[in-house]
Amino acid sequence: MIVLNLVKSSLLVACRSATNQYRHNITSNLRLTTVRLFSSNGESYEYDLVVIGGGSGGLACAKEAVQFGAKVAVLDFVKPTPLGTKWGLGGTCVNVGCIPKKLMHQASLLGEAIHDSQAYGWEIEKPENVKINWTKLTESVQNHIKSVNWVTRVDLRDKKVEYINGLGYFKDPHNVHVVLKNKTERTLNTKYVVIACGGRPNYPDIPGAVEFGITSDDIFSLEREPGKTLVVGAGYIGLECAGFLKGIGYDVSVLVRSIILRGFDQQMAELVKASMAEKGVEFQVGAKPLSVEKQDNGKLLVKWAFNDNPSDVKQDVVDTILFAIGRHALVEDMQLDRAGIKVINGKIDVDVNSKTNVDNIYAVGDVLYKKPELTPVAINAGRIIARHLFNNSKEVMDYEDVATTVFSPLEYGSVGLSEENAISRHGEDNIEVYHAYYKPTEFFVPQRSVRYCYLKAVALREGDQKILGMHFLGPAAGEIIQGFAAALKSGITMKILKNTVGIHPTVAEEFTRLLITKRSGVDPTPATCCS
Ligand code: FAD
Ligand code: NAP
C-alpha cells in the first residue's frame, strides 16, 4: 500500500509539471494503474489485452479496447518472403493486399481510360508510346503504403496502444512471450488475448516453386518488371493480379486447376473469365503446375499437366510465375498448444462471441475457420470483441450476407446467395432469377465491349419476392453493390426494387429495371448489345 501511494504521488508530481495534454495522459494511466492494483477478485495482470497481429482485425480491436480504458499491447511481426520482401505495420490489407491491389487495378483502368480518351477528343501525340513505367508504379504504391504505416504508428501512439514489433507466442493462456525485432525478449502477462495473426500465401509442392516463384506478397514491390507472367490459381487473387498485369501491358496466362472463383455464383464466374479472355488473358483450364526451372537466360520454364494426366503436359517460358493458390493461417509459430487452443485444418474456430475453446482467448480475421477472409469482416469482428470484453456489449458478429467484389478488369460485385446456393436452399421452383445485359453509356463512344455487362437478382418466388442475392458485372461494381448490400440486409424485395426510381444515366440503375426472369426464357440481351 505504501509503495502504491508512493507511485501515485510521484505520478501526481509529474502531472503538475507536465503540459495539459501530457497531464491528461498521465492521469488516465494513473486511473488504469489504480484499477488494476485494486482489482477486487484477486486477479492482477500487466495488461488487460494483448493482441497478436497488427493487421485489420487486431488493430481495430486494440484501438476500440483502449476507448474503454483497457491497457492494450499489439504485437506485429512480418517474416520476409522467400524473395526477401518485407513490410511494415498494418497487416496484409495495407501492405500486400487490398490497398496495393486496388492501386494497381486503378493503374490498369487508367490505361484503358487513356485509350478511350482519344475517342472523346483527347489528342495523344504518339499513342503507341503510352506504356506503364513499372518502377514508377511500384514506387508510388510503396510510398502510399509507407505513409499508411506511419499514420498507423502515430494513431496507436495517440490512442495509447502499445505497439511491439515482435513475434509472439504463448507460454500459457495468460502469458505471451515476444521475441522483439532487436532479438531481445519479454513476456507479457495479460487478462485477455486476441489472436489476429492473419495468413500468408501457399506455394505448391513442386520443384522450383519457392526458389523461382513469387506470390502476392512480392508482386506489389517487385524490383523488376514482371514481364510475361503465368498466374497459378483462379480465386480472387489470381484473377485480380492477372487482370491488372494484363491491363498494364504484360502477357498473362492463368492456370485454372478446376473452376473459376470457387464459392461464387458460377454463371457470373464464367462471365468474369470470358471478359478477361476478351481482354487477352489466356486461361489453361484443368491445369496443375508440375515444375519451374530457371534457364540460362534467366527466364523460367514452367510445365503443367492437364487433368492429372502425365502424358498431357504443356510448357511455356515466362518471366514471372505468380502463385495465388490460397493462403494458410500463421498459427505455426504461436505454440497454441501451450495455451490449450484447438486448431481445425490449420485455423481456429470460435463461438458467437469470437471466443476460442479457451476462456480468455479470442480470435479474429483470416485465422478463423470457415469465415470470409475480408478486411471489413476482420475489422467489424475485432471491434465487437473489444466492446464485448470491455463494455459489456452483447453484440455478435453477423457473418451473413457479406458483400464482396472481385477487382477483375470488369469488376464483379455480389452480396447474398449465388443462384446455385439459393436453389439448393429453397428449391428451384421457389426461386425467381431476374437478369439483364446492359450497356454503360460511357462505353459507346470508345466502342468498348459491352458483351459481359450483366447483372442478376436472385429472389424468392412467392409474395413480394424477397431478394436473396444480387450480382453485378461491370464498372464500379464494388461501389454499386455496397449500397445494395445495405438494402439486402434490410430485407429488400423485388417489389421494392421495381418501385425504386433509378438515377439516370448510371449503371447502378440497371437493378431498378430488372424485369426479365430466367424462367420466362425471354432473351435478356438488348437488341444492339453484343454485336
Ligand atoms: P492480417 O491483416 O494479415 O494481419 C496479421 C498480422 O499479424 C500480420 O502483420 C502478421 O505478420 C502478424 N503476425 C502473425 N503472426 C504473428 C505473431 N505470432 N506475432 C506477431 N505478429 C504476427 N480483403 C478485402 O476486404 N478487400 C480486398 O480487396 C482484398 N484484397 C486482397 C488482396 C490480396 C492480394 C490479399 C492477399 C488479401 C486481400 N484481402 C482483401 C484480404 C484481407 O487483406 C484480409 O482479409 C485481412 O488483411 C485480414 O486481416 P487480419 O487482421 O486477419 O490479418
Ligand atoms: P482462393 O480464393 O482460395 O483461390 C485459390 C485458387 O488456387 C483456387 O482457384 C484453387 O483452385 C487454386 N489452387 C489451390 N491449390 C492449388 C494447387 N496446388 N495448384 C493449382 N491451383 C491451386 O485463394 P486466394 O485467391 O489466394 O485468396 C485468398 C483469400 O483472400 C480469399 O478467400 C479472399 O477472401 C481474400 N481476398 C479478397 C479479395 C477481395 O475482396 N477483392 C481479393 C483477394 C483476396 P480450386 O478451386 O480447384 O481449389
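Conventions used here
Residues numbered from 1 in each chain as written. Chains lettered and ligands numbered in written order. Predicted model: local features only at pLDDT ≥ 70, side-chain atom pairs only at ≥ 80, totals over all residues. Heavy atoms only, no water. Helix = DSSP H or I, 4+ residues; strand = E, 2+ residues; numbered from the N terminus. Rg over C-alpha atoms; globule rule 2.2 N^0.38 Å. Buried < 20%, exposed > 50% of the residue type's maximum accessible area, 1.4 Å probe, protein only. Contact = heavy atoms within 4.5 Å. Areas by Shrake-Rupley, 256 points an atom, 1.4 Å probe, with all protein chains shown as cover. UniProt positions renumbered as here; feature names shortened; annotations may be inferred. Core = buried A, V, L, I, M, F, W, Y, C linked by side-chain atoms within 4.5 Å. Near = heavy atom within 4 Å. Polar contact = N/O pair within 3.5 Å; in protein donor to acceptor, adjacent residues only side chain to side chain. Nonpolar A, V, L, I, M, F, W, Y, C, P; charged D, E, K, R; others polar. Disulfide = S-S within 2.5 Å.

Asks: Sorry if this is basic, but what is going on with the overall build of the chain here?
Replies: When helices and strands are counted, the chain shows 16 helices and 22 strands. For 531 residues, the compact-globule estimate of 2.2 N^0.38 gives 24 Å, and the C-alpha radius of gyration of the chain, at 26 Å, lies within 12% of that figure. For the chain, the spread of C-alpha atoms along the principal axes amounts to about 85 × 70 × 50 Å. Burial statistics for the chain: of 531 residues in total, 48% are counted as buried. Restricting the contact set of the chain to residue pairs at least 6 apart, pairs at least 24 apart contribute 64%. Accessible surface for the chain amounts to roughly 25,800 Å². Of this, 52% is attributable to carbon and sulfur atoms.

Asks: Please explain the UniProt feature "domain: FAD/NAD(P)-binding" (unreviewed entry) in the chain as it appears in this structure.
Replies: Sequence positions flagged by UniProt for "domain: FAD/NAD(P)-binding" (unreviewed entry) are, in local numbering, residues 47–382. From the first C-alpha to the last, residues 47–382 spans 18 Å; its make-up is 32% helix and 27% strand.

Asks: Just checking my understanding: could you explain the nonpolar core for this structure?
Replies: The nonpolar side chains of a soluble globular protein tend to be buried, and buried together. The biggest cluster of nonpolar side chains holds 67 residues, and the ones touching the most others in it are Trp134, Ile219, Leu261, Met470, Phe472 and Phe511. Here the element with the most residues in this core is helix α15 (residues 477–489); it accounts for six residues.

Asks: Would you take a moment to explain the site of ligand 1 for this structure?
Replies: Residues in contact with ligand 1 amount to 37 residues; listed here are only the nearest, Asp76, Phe77, Thr92, Lys101 and Asp366. Taking Asp76, its side chain carries an N or O atom lying 2.7 Å from an oxygen atom of ligand 1. Look at ligand 1: alone it shows 1,000 Å² of surface, and the protein chains cover 93% of it. If you list the elements that add at least two residues to the shell around ligand 1, you get α3 (56–67), α4 (91–96), α5 (98–117), β4 (166–172) and α12 (375–390). Looking at the shell around ligand 1 element by element, the count peaks at four residues for α4. Classifying every residue of the shell around ligand 1 gives 17 nonpolar, 15 polar and five charged.

Asks: Help me understand the state of the cysteines, please; the structure alone is not making it clear to me.
Replies: Defined simply, a disulfide is a covalent bond joining two cysteines at their sulfur atoms. Here the structure, examined in full by the defined rule, presents one disulfide. A sulfur-sulfur distance of 2.2 Å marks the disulfide that ties Cys93 to Cys98. Looking down the S-S bond of the Cys93 and Cys98 bridge, the torsion is -135 degrees, so its handedness is left-handed. Its relative accessible area of 28% is what places Cys98 among the partly exposed residues. With no disulfide of its own, Cys197 lies 14 Å from the sulfur of Cys61, the closest cysteine sulfur. Given the relative accessible area of 16%, Cys197 is considered buried. Left without a disulfide partner, Cys241 is nearest to the cysteine sulfur of Cys98, which lies 12 Å away. According to the relative accessible area criterion, Cys241 is buried, its value standing at 2%.

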